[in-house]
Amino acid sequence: MTAIEQTEARPRGTRLPRRARRNQLLGAAQEVFVAQGYHAAAMDDIAERAGVSKPVLYQHFPGKLELYLALLDQHCEALLDAVRTALASTTDNKQRVAATMDAYFAYVEDEGGAFRLVFESDLTNEPAVRERVDKVALQCAEAISEVIAEDTGLTTEQSMLLAVGLGGVSQVVARYWLSSGSSMPRDTAVQLLTSLAWRGIAGFPLHGSEH
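Since we're looking at a predicted model, the values are computed, not measured. (Residues numbered from 1 in each chain as written. Predicted model: local features only at pLDDT ≥ 70, side-chain atom pairs only at ≥ 80, totals over all residues. Heavy atoms only, no water.)

### Side note on the packing of helix H2 (residues 18-40) against helix H3 (residues 43-50)
We apply this condition: Convention adopted: a line fitted to C-alpha atoms gives each axis, helices being fitted over their contacting stretch, and angles between N-to-C directions are expressed from 0 to 180 degrees. Secondary structure elements are taken from DSSP: a helix is a run of H or I of four residues or more, a strand is a run of E of two residues or more, and numbering for both begins at the N terminus. Note: crossing handedness is left-handed where the near helix turns anticlockwise from the far helix by less than a right angle, and right-handed where it turns clockwise. Throughout, a contact is declared for two residues whenever any of their heavy atoms are within 4.5 Å. Think of it as three bins: nonpolar holds Ala, Val, Leu, Ile, Met, Phe, Trp, Tyr, Cys and Pro, charged holds Asp, Glu, Lys and Arg, and polar takes everything else, Gly as well.
Two elements in contact, H2 and H3, have axes separated by 9 Å at closest approach and are oriented at 145°. Crossing of H2 over H3 shows right-handed handedness. Of H3, the residues touching H2 (which contributes Gln24, Leu25, Ala28, Ala29, Glu31, Val32, Phe33, Gln36 and Ala40) are Asp45, Ile46, Arg49 and Ala50. Partitioning the contact of H2 with H3 into residue classes produces 8 nonpolar, 2 polar and 3 charged.

Now the structure itself:
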């Protein structure tokens, strides 16, 4: 059961273990922050959505920023895990590109809308938020660049530039696909974007290849 499902399932006043309560509060906070943005959201709204009193909420999170950062940490880690899993899912490079791009599409398509906290936050002027958002983008790019460098023999700098491009294109196109209300199935969109990216990345010969 997800944190949001826990939020929906628990009536007010139900006692939960601390970890379960924390997950429930994070699920409620995610719904409120995604719907309202950071600035418009209030701790009262989050407590009400979770079915708890404000003192209970403050027992777990001392303030709204700390709650937002905990949620951001959770979903940045989820994105990075998805990208790393995609990269490790196959040794076929075209399939690897497709899997990585699909990881971004799946992340954006998730009904919880957590991608809005990572890619569309209204709090990026807050240093702690900016640091986390920049860090996960860098970590995803580093994971992609390691594969590019290993397979092509390009320098670290060259591989990183390509990796930043691939990651950036993936998340921007995925967000457009979702926000435009496209009737195009996700796998079709991923295939189109993969074809575009593969035409470029395939131009670099495999490291050690004679061709």
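Having seen the model, we can carry on.
### Topic: the packing of helix H9 (residues 156-179) against helix H10 (residues 186-201)
Just so we agree on the cut-off: With respect to orientation, any angle under 35 degrees is reported as roughly parallel, any angle over 145 as roughly antiparallel, any angle of 65 to 115 as roughly perpendicular, and every other angle as oblique.
Relative orientation of the contacting elements H9 and H10 amounts to 155°, with a least axis distance of 11 Å. It follows that H9 is roughly antiparallel to H10 by the angle criterion. Pair H9 / H10 crosses with right-handed handedness. Each of Leu162, Leu166, Val169, Ser170, Val173 and Trp177 in H9 lies in contact with H10, whose residues at this interface are Arg186, Ala189, Leu193, Ala197 and Ile201.

### Re H9
Rule in force here: In this scheme, a helix's expected span is set at 1.5 Å multiplied by one less than its residue total. Each residue gets one of three labels from its accessible area relative to the maximum for its type: buried under 20%, exposed over 50%, partly exposed in between, using a 1.4 Å probe on protein chains only.
Between its first and last C-alpha, H9 extends 34 Å over 24 residues, near the 34 Å set by a 1.5 Å rise per residue. When H9 is considered as a whole, its buried residues turn out to be Ser159, Met160, Ala163, Leu166, Gly167, Ser170, Gln171, Ala174 and Trp177. In the core, the buried residues of H9 are packed alongside helix H6 (93-109), helix H7 (115-119), helix H8 (127-152) and H10. One or two positions beyond H9, positive phi appears at Gly181, with a value near 65°.

### A look at the UniProt feature "DNA-binding region" (unreviewed entry) in the protein chain
Worth spelling out the cut-off: UniProt positions are given in the numbering used here, feature names are shortened, and annotations may be inferred rather than shown by experiment.
According to UniProt, the "DNA-binding region" (unreviewed entry) feature falls on residues 42-61. The distance separating the terminal C-alpha atoms of residues 42-61 is 13 Å; by composition the span is 75% helix and 0% strand.

### Here we look at the environment of Glu146
Looking at the secondary structure, you find Glu146 in helix H8. Given the relative accessible area of 58%, Glu146 is considered exposed. Separated by 14 residues in sequence, Glu146 and Met160 place their C-alpha atoms 8.1 Å apart.

### Examining the confidence of the model for the protein chain
Detailed reading of the predicted coordinates is not advisable wherever pLDDT is low. Put simply, the rule is: For every residue, the predictor reports its confidence as pLDDT, a number between 0 and 100.
For the protein chain, per-residue confidence averages 90 on the pLDDT scale, and residues scoring 70 or more make up 89% of the total. Here helix H1 (residues 3-9) is the element of the protein chain with the lowest mean pLDDT, 48, and helix H5 (residues 64-88) is the one with the highest, 97. Per-residue pLDDT stays below 50 along residues 6-10; that stretch engages in 14 contacts with residues further than four places along the chain or on separate chains.

### A word on the packing of aromatic side chains
For clarity, the threshold we go by: Only Phe, Tyr and Trp rings take part, Trp by its six-membered ring, and two of them pair if their centres are within 6.5 Å. Stacked means planes under 30 degrees apart, edge-to-face means over 60, and tilted covers everything else. Only Lys NZ and Arg CZ are tested; either one counts as a charge over a ring when it is within 6 Å of the ring centre and within 35 degrees of the ring normal.
In the structure shown here, the tally under the stated rule is 5 aromatic pairs. Arranged with centres 5.8 Å apart and planes meeting at 20°, the rings of Phe33 and Tyr38 form a pair that is stacked. Each member of the pair, Phe33 together with Tyr38, is buried. Ring geometry for Tyr107 against Phe119: centres 6.0 Å apart, planes inclined by 75°, an arrangement best described as edge-to-face. With a gap of 12 residues between them, Tyr107 in helix H6 and Phe119 in helix H7 connect regions that are remote in the sequence. Through a chain of ring-to-ring contacts, the aromatic side chains of Phe33, Tyr38 and Tyr68 assemble into a single cluster. Above the plane of the ring of Tyr38 lies Lys64, whose end atom (NZ or CZ) is 4.3 Å from the centre.

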